[in-house]
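Residue-level structural notes
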Amino acid sequence: MVDMDTLVSLAKRRGFIFQSSEIYGGLGSCWDYGPLGVELKRNIRNLWWRDVVHLRRDVVGLEASILMHPTVWRASGHVERFTDPMVDCRACKRRFRADKLDEDPWTHYCPARKENKFEVPAREPCKHCGALRTLCPECGKGELTEPRQFNLMLKTFLGPVEDEAAVTYLRPETAQGMFVNFDNVLQATRRKLPFGIAQTGRSFRNEITPGNFIFRTREFEQMELEFFVNPHETVDGQPADEYWHEVWIQQRFGWYQKYGIRTENLRLREHGKEELAHYAKRCVDVEYRFAIGWSELEGIANRTDYDLRRHAEVSGKSLTYFDDERRTHVVPYVIEPAAGVDRSLLAFLTDAHHTEEVRGEKRVVLRFHPEIAPIKIAVLPLLKKREDIVARAWTIRDDLARRWVTVYDDTAAIGRLYRRQDEIGTPYCVTVDVQTVGDAAKGEVGDGKVTIRERDSMEQIRVPIGELGSVFGTLLGGGAWSAVAAGYPAQAPPGS
Ligand code: GAP
């Protein structure tokens, strides 16, 4: 498993992710997505949207504003309950989440050792003096204050006057936009239960201890679905909410597998009663084996009718569905698969990362699923000094770019160009060489063929330029390399 430092360094070097405001010393826990990161993120968001909205008959989309009426957050329970317990170190003044204190290694000044300051692994006592952590885990000296509840919502003011009346919040989840628009969507679309409303967008949380790269940040992007079901119905002998909860747990687990995350790095975790959010009847996390250990990738909760009921109570507006069969108004239950774009990106990046040895040299390769890969095809001229080769390579790049994200690169020798594309996860390279264009000075005519190289096997085939569209249509539409390669002559690798 690749470590976090290696990922952070690759992400910066190759233009996936940069520290925010780096030239000013950086802004803690905020990150900017570079040329490759923005494509990768867009692919994750678009695939989620395609699979959760477009391909389904029972889900529609929404884009609510980030700023909402402040009463939304009182009704939803966020003002009162969206808190983490926080403690302060009286010596170094650092802040920690009280419930996570024991999860990290701690600094200890051991009385039983001469050179006495060192780090003790999480949850373990000092192996010299047997002491357990009682002081600040960071400086090892300060007493910690009693835990206080700290609200995670980021406050702001609307309008020119910064007083209490102008206070509102940057949304901490996209979900509430779907609840407050439930009736609007219902009236506009005349949907029958069960149906879902989906949304992707930025959320903000003033996390006490953000960190671990893009795993926990204060500004992040969510992909959430609120799937409304009729609590009076049963499906296959089960209450509809429980049936659909199970369906969505399986769907969401399968989604990560479908786009290449290895099954051994995924697992489901049932929330204990004590950790359930105030609105949830049951919650199951899809967890991924990140470099920091098994952690939440996505939560799938049964939110019951809590949110619709609360918004109806506080707003005085009806948020019900008329059940024709039972001739009664019902408040739907909600099944909510809630994923993070950034956290998914970290999982896809971690899982794709492989290091191997090829002919005595280290090869770093990101084995992204082709639909996840930021760049699908790289067109490379074998000789950048030959104008005819360069011109043909550009023409091919421009043609392919109409359908797939395709780049041109001639900034190094072919072997190095291949390695660069491997390291950013480009599934296919197309190489234009002397054979392709021929040599006019010698009266030689080109064969009009190029070499396609596949990232994972490094196999190469020779394909007529006119067939590139159909070949990539097959390969990038889910076709197997082996099946396509069987139809073309293998090529001896130039630079592999
Ligand atoms: N509406 C329910 C909800 O927001 P959540 O478990 O708090 O549930 C859903 O968040 C997902 O959003 C998480 O599984 C994670 O992927 C992402 N997420 C939450 N907080 C995050 C943070 N501070 N930084 C990055 N991603 C975060």
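Structure: see above.
Residues numbered from 1 in each chain as written. Predicted model: local features only at pLDDT ≥ 70, side-chain atom pairs only at ≥ 80, totals over all residues. Heavy atoms only, no water.

1. Topic: the overall build of the chain
Heads up, the condition is: Helix numbers and strand numbers start at the N terminus; a helix is a DSSP run of H or I with at least 4 residues, a strand a run of E with at least 2. Buried, partly exposed and exposed residues are distinguished by accessible area as a fraction of the type maximum, computed with a 1.4 Å probe on protein chains only: under 20%, between the cut-offs, and over 50%, respectively. By definition in these notes, contact holds between two residues if any of their heavy atoms fall within 4.5 Å. Each accessible area is a Shrake-Rupley estimate made with a 1.4 Å probe; only the visible protein chains count as cover when residues are assessed.
When you go through the chain residue by residue, the secondary structure sums to 14 helices and 29 strands. Taking the principal axes of the C-alpha coordinates as reference, the chain spans close to 85 × 80 × 55 Å. When each of the 496 residues of the chain is scored for burial, the buried share is 49%. Residue pairs in contact within the chain that sit at least 24 positions apart in sequence constitute 65% of those at least 6 positions apart. For the chain, the computed accessible surface area is about 23800 Å², with 49% contributed by carbon and sulfur atoms.

2. Some details on the site of the ligand
Note the threshold: What makes a residue near a molecule or strand is one non-hydrogen atom of that residue sitting within 4 Å of it. Nitrogen and oxygen atoms within 3.5 Å of one another constitute a polar contact, given that in protein one can donate a hydrogen and the other can accept it, and given that sequence-neighbouring residues count only through two side-chain atoms. In the scheme used here, Gly and all other residues not listed as nonpolar or charged are polar, with Ala, Val, Leu, Ile, Met, Phe, Trp, Tyr, Cys and Pro taken as nonpolar and Asp, Glu, Lys and Arg as charged.
Near the ligand lie 21 residues; those nearest to it are Glu173, Arg205, Glu207, Glu224 and Glu296. At a separation of 3.0 Å, an oxygen atom of the ligand approaches a polar backbone atom of Leu297. Taking 550 Å² as the accessible area of the ligand by itself, protein coverage stands at 91%. Residues belonging to the shell around the ligand are distributed by class as follows: seven nonpolar, four polar and ten charged.

3. Some details on the layout of surface pockets
Note the following rule: With a 1 Å grid spanning the protein atoms alone, the term cavity applies to any set of points in which a 1.4 Å probe fits but cannot get out, the term pocket to an open set with protein on both sides within 12 Å along at least five of seven lines, and the term lining residue to any residue with an atom within 4 Å of a point. Grid points are joined across faces, edges and corners, and a volume is the space filled by probe spheres set on the points.
A volume near 240 Å³ is recorded for the second largest pocket. Around the second largest pocket, the lining is made up of 17 residues, and of these Trp31, Tyr33, Lys41, Arg202 and Asp342 lie nearest the centre. Here the element with the most residues in the lining of the second largest pocket is helix H2 (residues 35-54); it accounts for four residues. Partitioning the lining of the second largest pocket into residue classes produces six nonpolar, three polar and eight charged.

4. Here we look at the sheet that holds strand E8 (residues 148-151)
To be explicit about the condition: Strands are labelled as partners when DSSP assigns at least two bridges between them. Whenever a helix is involved, its axis is fitted only over the stretch in contact; in every case the axis is a line through C-alpha atoms, and angles between N-to-C directions fall within 0 to 180 degrees.
One open sheet holds the three strands; their spatial order is E5-E4-E8, and the pairing between them is antiparallel. Since the sheet does not close on itself, it has two edges, and those belong to strand E5 (95-97) and E8, each with one partner. The mean angle between the axes of side-by-side strands here comes to 50 degrees, regardless of whether they run parallel or antiparallel. Pairing of strand E4 (residues 83-88) with E5, which is carried by three bridges, proceeds in the antiparallel orientation. In the strand pairing of E5, Asp88 is matched with Arg95.

5. Considerations on the packing of aromatic side chains
Applicable threshold: Any pair of Phe, Tyr and Trp rings, taking the six-membered ring for Trp, is counted once the centres come within 6.5 Å. Such a pair is stacked with planes under 30 degrees apart, edge-to-face with planes over 60 apart, and tilted for the rest.
A full pass over the atoms with the stated rule returns 19 aromatic pairs. Ring plane angle 90 degrees and centroid distance 4.8 Å describe the contact between Trp31 and Phe213, whose orientation is recorded as edge-to-face. Within this pair, whereas Trp31 is found in strand E2 (residues 31-33), its partner Phe213 is found in the loop between strand E11 (195-204) and strand E12 (219-229), the two being separated by 182 residues in sequence. We classify Phe213 as buried; its relative accessible area is 6%. Considering the side-chain rings of Trp255 and Tyr259, the 5.4 Å spacing of their centres and the 70 degrees angle between planes classify their relative orientation as edge-to-face. The residues Trp255 and Tyr259 share a single accessibility class, namely buried.

6. Observations concerning the nonpolar core
In plain terms, the rule: In these notes, a set of buried Ala, Val, Leu, Ile, Met, Phe, Trp, Tyr and Cys residues joined through side-chain atoms within 4.5 Å is what counts as a nonpolar core.
Among the nonpolar cores identified, the biggest contains 57 residues, and Phe16, Ile44, Tyr256, Phe348 and Phe368 are the most heavily contacted of them. Aside from chain neighbours lying at most four places away, what touches Tyr256 is Ile261, Leu266, Val286, Leu297, Glu298, Ala339, Ser344 and Phe348. Formed by 26 residues, the second largest nonpolar core is a distinct cluster that contains Ile396, Tyr408, Val430 and Leu475.

7. Comments concerning unusual backbone geometry
Residue Leu193 is joined to Pro194 through a cis peptide bond whose omega torsion reads -5 degrees. Of note in this structure, Arg123 is not a glycine but carries a positive phi near 65 degrees. Inspection of the secondary structure puts Arg123 in the loop between strand E7 (117-120) and E8. Accessibility expressed as a relative area gives 62% for Arg123, which makes it exposed. The phi angle at Asp236 is positive, at roughly 50 degrees, despite the residue not being glycine. Relative to the assigned elements, Asp236 resides in the loop between strand E13 (234-235) and strand E14 (238-239).

8. Comments concerning the sheet that holds strand E25 (residues 428-432)
Taken in spatial order, the five strands make up an open sheet running E24-E23-E25-E28-E29, and their pairing is mixed. Either end of the sheet is taken by a strand with one partner, and the two such strands are strand E24 (406-408) and strand E29 (460-464). Between one strand axis and the next, the sheet turns by 25 degrees as a mean value, whatever way the strands run. Of the pairings in the sheet, the one linking E25 to strand E28 (residues 449-454) comprises four bridges and is antiparallel in character. Across the sheet, residue Tyr428 finds its bridge partner in E28, namely Glu454.

9. Let's talk about the side chain of Asp439
Positionally, Asp439 belongs in strand E26 (residues 438-439). A polar contact is formed between the side chain of Asp439 and the backbone nitrogen of Ala441, at a distance of 3.2 Å. Contact partners of Asp439, with chain neighbours within four places excluded, come to Arg386 and Glu444.

10. Let's talk about helix H9 (residues 341-352)
Heads up, the rule is: Expected span of a helix, by definition, is 1.5 Å for each gap between consecutive residues, and there is one gap fewer than residues.
End to end, H9 covers 16 Å across twelve residues, agreeing with the expected 16 Å (1.5 Å per residue, within 8%). Among all positions in H9, only Val341, Asp342, Arg343, Ser344, Leu345, Leu346, Ala347, Phe348, Leu349, Thr350, Asp351 and Ala352 are buried.

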